[in-house]
Amino acid sequence: MSTLHKRELLDASAPNQSTSIINGKSSNVLNWDDVRFPWAYPKYKRMLGNFWTPFEINMSKDINQFESLSPKEQDTFLKTIGLLALLDSVQTDYAGKVADYLTDSSLNALMIILAQQEVIHNHSYSYVLSSIVPKQKQDEVFNYWKTEPILQKRNDFVVKGYQDFAETPTVENLLKSIIYDVILEGLFFYSGFAFFYNLARNQKMVATSTMINYINRDEQLHVGLFEKIFKEILTEYPDCNTEELMEFGQRTFMEAAGLEIEWAKEIIGDDIEGLLMNEVESYIKFMANKRSKQLGFQPPFDGHQHNPLKWIIAYQEVDLGKTDFFEQKSRQYTKTTDANGFDDL
Ligand code: ZN
Ligand code: ZN
């Protein structure tokens, strides 16, 4: 097991451009024209281009509409928000821990921006909940991860992968934790995303779905960033590119998809108008195959090469400029009012 070393705060004897992605040397001075990876600066620009805050989104229609959702839709809505709140909280901290071990100051910068975006995601869940439910219910939702066994099982799976790296920072554990990261950011959010987009295409809770779409757009960039880091580490440390890692990756995506399907059966099942459970299951397997291939593993499920939820593409492929399904967001950073209760936070 090769130990990972933290980046030096400042090293006058080292170049600005690091000598290696991890365990290398770097002055730790950030000059975007003198960084190790040519893809880092374009990624930086795209991440900044995504900037948004929940304050931009007018929740007034959703506030009135929430009451008219079916009890099942309301329950799923809240449980999904509860799930996302926990994952994004953990993710903020994980990004900071990874940042410490990346030698190049530009990758550290990207991780810090990623972590900042996770903070905004968490803010958005508070923002939505404080708009539509009383404070007591909001507190309950933020505690679902402790009180809902099916959520616990699913979250423990990812958190355990992160903990192994946090407690024993080796190159192998970093690589494995990135697999869990891609599961968290690139798979575990997706049945929740499908639920919100399905509401939006039925003209329900459009403001919340707009926010979910912004989060989804950020997560796509995050998955892409971790994919790059994973591949660069394997290029620089080819000894780590083992059969064992490939099998571990494929197996872990398969287990994760199993947990996600179990979760989807609980929150979606056969009771959500417009979403068929067998299609959602197939969508989860498709996403697991896609993410597995992105990291260079064999896809865990035979078939499932195409997205069975065709309609969702319009909601997800935001780079194609197909966001007109969503309400136009107000570009003003309006002061929060008592109406959305956000000042009670
Ligand atoms: Zn996030
Ligand atoms: Zn993320």
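You'll find the structure just up there.
In this report, we go over the structure that sits alongside the text. (Residues numbered from 1 in each chain as written. Chains lettered and ligands numbered in written order. Predicted model: local features only at pLDDT ≥ 70, side-chain atom pairs only at ≥ 80, totals over all residues. Heavy atoms only, no water.)

**What to know about the coordination of the zinc ion (ligand 1)**
Filter applied, for reference: Distances decide who is a donor: an N, O or S atom must be within 2.8 Å of the metal, or within 3.2 Å for Na, K and Ca. Water is not included, so sites may look incomplete. Irregular is the default label, applied whenever a site is not tetrahedral (four donors, all angles between 85 and 135 degrees) and neither square planar nor octahedral (four or six donors, opposite donors over 155 degrees apart, all other angles between 65 and 115). Summary of the burial criterion: residues with accessible area below 20% of their type's maximum are buried, those above 50% are exposed, and those between are partly exposed, where the area comes from a 1.4 Å probe applied to protein chains only.
Bound to the zinc ion (ligand 1) on the protein side are Asp88 (OD), Glu118 (OE), His121 (ND1) and Glu219 (OE), at distances that span 1.9 to 2.1 Å. Around the zinc ion (ligand 1), the four donor atoms are arranged such that angles at the metal cover 79 to 130°; this shape is classified as irregular. On the basis of relative accessible area, Glu118 is assigned to the buried category, the value being 0%.

**Concerning the coordination of the zinc ion (ligand 2)**
To keep it simple, the criterion reads: Starting at the N terminus, helices and strands are each numbered in turn, a helix being any DSSP run of H or I of at least four residues and a strand any DSSP run of E of at least two.
The coordination sphere of the zinc ion (ligand 2), as far as protein atoms go, consists of Glu118 (OE), Glu185 (OE), Glu219 (OE) and His222 (ND1), spread over 1.9 to 2.1 Å. Read in sequence order, the donor residues for the zinc ion (ligand 2) give the motif E-x66-E-x33-E-x2-H. Taken as an interatomic distance, the gap from the zinc ion (ligand 2) to the zinc ion (ligand 1) is 3.5 Å; Glu118 donates to each of them. In this pair, Glu185 is assigned in helix H8 (residues 171-186) and His222 in helix H10 (residues 206-236), connecting sequence segments 37 residues apart. Like Glu185, the residue His222 is buried in the burial classification.

**Focus: the pattern of salt bridges**
Operational definition: What counts as a salt bridge is simple: a side-chain nitrogen of Lys or Arg found within 4 Å of a carboxyl oxygen of Asp or Glu.
Enumeration according to the criterion identifies 16 salt bridges in this entry. Measuring nitrogen to oxygen at the nearest pair gives 4.0 Å for the salt bridge that ties Lys6 to Asp100. One end of the pair, Lys6, is in the segment before helix H1 (40-49); the other, Asp100, is in helix H3 (residues 71-101), and 94 residues separate them in sequence. Relative accessible area serves as the criterion here: at 30%, Asp100 is assigned to the partly exposed category. Residue Arg154 pairs with Glu260 through a salt bridge whose shortest N-O separation is 2.2 Å. With Arg154 in helix H7 (residues 149-167) and Glu260 in helix H11 (residues 243-267), this residue pair connects regions lying 106 residues apart in the sequence. Taking the relative accessible area as the measure of exposure, Glu260 reaches 0% and is therefore buried.

**Observations regarding helix H9 (residues 190-201)**
The condition is simple: By this rule, a helix spans an expected 1.5 Å times one less than how many residues it contains. Pairs of residues are marked as contacts when any of their non-hydrogen atoms sit within 4.5 Å.
Counted at 1.5 Å a residue, the expected span for H9 with its twelve residues is 16 Å, and the 16 Å between its end C-alpha atoms agrees. Burial analysis of H9 places eleven of its twelve residues in the buried class, which makes it a mostly covered element. Along H9, the residues classified as buried are Tyr190, Ser191, Gly192, Phe193, Ala194, Phe195, Phe196, Tyr197, Asn198, Leu199 and Ala200. Contact partners of the buried residues in H9: H3, H8, H10, H11, helix H12 (277-294) and helix H13 (313-316). Just downstream of H9, Gln203 is the residue with a positive phi angle, here 60°.

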